[in-house]
Amino acid sequence: MENVKELDKQYVANTYARFPLQIVSGKGSLVYDETGKEYIDMGTGIAVNTFGVADSEWAAAVTEQLMKLQHMSNLYYTEPCAKLAKLLCEKSGMKKVFFGNSGAEANEGIIKAARKYAAEKKGPEYYTIITLKNSFHGRTLTTLAATGQDKFHQLFTPLTPGFAYADANDLEGLKRLASEVKPAGILVECVQGEGGVLPLTAEFVKGVADLCANEDIDFMVDEVQTGNGRTGKYFAYQNFGVLPDAVSTAKGLGGGLPIGAVLLGEKLKDVYSPGDHGSTFGGNPAVCAGAISVVSRIDDALLEGVKKKSEYIFRELSGAEGIESVAGMGLMIGIMTAKPAADIVKACMANGVLCLTAKDKVRLLPALNIPQELLEKAVAVIKECCK
Ligand SMILES: *Cc1c(COP(=O)(O)O)cnc(C)c1O
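The shown structure was predicted, so the numbers you read here are calculated from the model rather than taken from an experiment.

Draft legend 1. Looking closely at helix α10 (residues 285–297). Across its 13 residues, α10 extends 19 Å between first and last C-alpha, which sits within 8% of the 18 Å expected from 1.5 Å per residue. Counting buried positions along α10 yields 11 of 13 residues, so the element is predominantly enclosed. Considered for burial, the residues of α10 that qualify are P285, A286, V287, C288, A289, G290, A291, S293, V294, V295 and R297. The elements touched by buried residues of α10 are α3 (56–66), α4 (79–92) and α11 (300–317). Two to three positions downstream of the cap, the backbone nitrogen of A286 sits 3.0 Å from a side-chain oxygen, assigning the N-cap of α10 to N284.

Structure (structure tokens):
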């Protein structure tokens, strides 16, 4: 057998700083490397495997659909797409859904929706999208432009024009910027994920929602990482008592298959007309069948479990030796450690626990149904490695 690590190094584009670890299989929150060593997975493919690896209910839903119809073009109606859209609207308070394949594509869709609405309603000069500094919205040239971090922009300019950046949690600064740029929309992550697992303040989120409502600016929330139960509510904005005009989501929605979605609220639900937007794989029946299985199981009981497990992690790690702070919401947690985060992740890996980093923090994104016993084991290892 050829060495996978060598093959990958030779033939796969060098865009990822991979760990020296090959994962070959798993079940739930346990995964196995090529030697058979077991790991507790506290990263879930970056908040994607909502119910862990090889979840049997999700896999059955996908395979059953695969044997009926794996794909049709969007020129025809298919059942899983329509049913998933209804479910998402019921969970979110939104009214219509556009399906794509990734988080970046969802954000492209939400930005196009805001631009079209503003161009028709207020005039084509109202094209600017305000995002926050330290945000992350994706890797395409437009979503890179939306990402308020210079380090991602270098060497890829010119990016899509029409983006302006405000400081998170500075409502006055945001209002000033909004009065200067003729905004079409304001796009925020309620918890900045890649930026270091930093929740926005309740006052700021409410203030953005009010500003948008008063000025007919689209209030848009990027729920690519925070969505689908991750923060203890179906969507993170539901923790803040606000209702956006549009929501983008992806990662955990498909339970492990690629999907992204733009959810359009009352104001924007009919902004798109035929020909405005599209995606060949969008609404793919097999992917949507799996997503229906995921979304329909994110109920109050599961969300209660997410909150309990979150409290457990905060309780155990806050103030522990070598841990400076614990931040986040639900099962999206960032730990500031005395030792470098990368060293902690490496030590955890050696001890059978897979963690992530976000900026200079250790980041945890376990499966929403991680068994308490595995969670306790993983937290004990993390604690030990932080000392
Ligand atoms: C991961 C992420 C994206 C990009 O999603 P892709 O599926 O990688 O395109 C966008 N926004 C946020 C908040 C994310 O966490």
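Draft legend 2. Structural context of the pairing of strand β4 (residues 96–100). When you tally the buried positions in β4, you get 4 out of 5 residues, the bulk of the element. Strand direction decides the pairing type here: β4 and strand β12 (residues 260–264), joined by 5 bridges, are antiparallel. Considered in β12, the bridge of F99 is made with A261.

Draft legend 3. Structural view of the domain arrangement of the protein. Under the domain assignment used here, the protein contains domain 1 (4–54 + 300–386) and domain 2 (58–297). For domain 1 versus domain 2, the separation of C-alpha centres amounts to 26 Å. Each side of the interface is counted separately: domain 1 has 26 residues, and domain 2 has 28 residues. Summing both partners gives a buried area of about 2300 Å² for domain 1 against domain 2, and 62% of it is carried by carbon and sulfur. Three residues stand out in domain 1 for area buried against domain 2, namely M329, M332 and K359, and they jointly supply 30% of the buried area on that side. Between R363 and E194 there is a salt bridge, with its nearest N and O atoms 2.9 Å apart.

Rules behind the numbers
Residues numbered from 1 in each chain as written. Predicted model: local features only at pLDDT ≥ 70, side-chain atom pairs only at ≥ 80, totals over all residues. Heavy atoms only, no water. Helix = DSSP H or I, 4+ residues; strand = E, 2+ residues; numbered from the N terminus. Expected span 1.5 Å × (residues − 1). Buried < 20%, exposed > 50% of the residue type's maximum accessible area, 1.4 Å probe, protein only. Contact = heavy atoms within 4.5 Å. Polar contact = N/O pair within 3.5 Å; in protein donor to acceptor, adjacent residues only side chain to side chain. Pairing = 2+ DSSP bridges. Domains from an automatic or database assignment. Buried area = accessible area lost by both parts, 1.4 Å probe. Salt bridge = Lys/Arg side-chain N within 4 Å of Asp/Glu carboxyl O.

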